[in-house]
Amino acid sequence: MHTHPQFLDLVLFLKALANGRRIALLQEMEQRELTVEEAAQKVGTRIPPASRHLHILYKAGLTRSQKQGRHVVYRVVPGVSVKKILEFRDQLLENRSKT
């Protein structure tokens, strides 16, 4: 399936939010930066899946990464609010249940 370029940013954003572990990582990164190893521990998974989760969040523009020594550290982009994202989700679900 081909995504129209006009909607690519929206598709990447929604994909990033379509997984509870990614939302949990965003919530944690609102408080502090995380390495891939810390992310894996936080969401109870191995390093390769945690790395994929962080990459999806990065591609969606929700996080930034920076190399620090032997580690890459991820943090939430300023202005990203998990609370607002969850409120948006709740509004969508509420509207869906009304139809």
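Keep in mind the model is a prediction, meaning the values are calculated, not measured.

Draft legend 1. Examining the pairing of strand β2 (residues 63-68) more closely. Note that β2 and strand β3 (residues 71-76) share six bridges and pair antiparallel. Counted as the bridge partner of Gln66 is Val73 from β3. Where β2 folds back on β3, the antiparallel hairpin that results is connected by two residues, among which Gly69 adopts a positive phi of roughly 65°.

Draft legend 2. Main features of the confidence of the model for the protein chain. Averaged over all residues, the pLDDT of the protein chain is 90; the fraction at 70 or higher stands at 96%. Across the protein chain, element-level confidence peaks in strand β1 (residues 34-35) with a mean pLDDT of 97 and bottoms out in helix α5 (residues 82-98) with 85.

Draft legend 3. Main features of the packing of helix α3 (residues 36-43) against helix α4 (residues 47-59). Their axes nearest at 8 Å, the elements α3 and α4 cross at an angle of 105°. Taken as axis vectors, α3 and α4 run roughly perpendicular relative to one another. Where α3 abuts α4, its residues Val36, Glu37, Ala39 and Ala40 lie against Ile47, Ala50, Ser51 and Leu54. In terms of residue class, the contact of α3 with α4 is made up of six nonpolar, one polar and one charged.

Draft legend 4. Spatial organisation of the pattern of salt bridges. This structure, assessed with the given rule, holds four salt bridges. Lys42 is paired through a salt bridge with Glu28; the nearest N and O atoms lie 3.2 Å apart. Here Glu28 lies in helix α2 (residues 20-31) and Lys42 lies in helix α3, a separation of 14 residues in the sequence. When its relative accessible area of 47% is taken as the criterion, Lys42 is described as partly exposed. Classification of Glu28 as buried rests on a relative accessible area of 15%. A salt bridge links Arg89 to Asp90; the shortest N-O distance between them is 2.8 Å. Through salt bridges with shared partners, a single ionic network connects Glu28, Arg32, Glu38 and Lys42.

Draft legend 5. View of the pairing of β3. Summarising the sheet, β1 and β3 pair through two bridges and their orientation is antiparallel. The residue of β3 that forms the bridge with Thr35 is Val73.

Draft legend 6. Molecular detail of the sheet that holds β2. The sheet built from three strands is open, its strands ordered β1-β3-β2 with antiparallel pairing. The open sheet is flanked by β1 and β2, the only strands paired with a single partner.

Conventions we followed
- Residues numbered from 1 in each chain as written.
- Predicted model: local features only at pLDDT ≥ 70, side-chain atom pairs only at ≥ 80, totals over all residues.
- Heavy atoms only, no water.
- Pairing = 2+ DSSP bridges.
- Helix = DSSP H or I, 4+ residues; strand = E, 2+ residues; numbered from the N terminus.
- pLDDT = per-residue confidence, 0-100.
- Axes fitted to C-alpha atoms, helices over the stretch in contact; angles between N-to-C directions.
- Parallel < 35°, antiparallel > 145°, perpendicular 65-115°, else oblique.
- Contact = heavy atoms within 4.5 Å.
- Nonpolar A, V, L, I, M, F, W, Y, C, P; charged D, E, K, R; others polar.
- Salt bridge = Lys/Arg side-chain N within 4 Å of Asp/Glu carboxyl O.
- Buried < 20%, exposed > 50% of the residue type's maximum accessible area, 1.4 Å probe, protein only.

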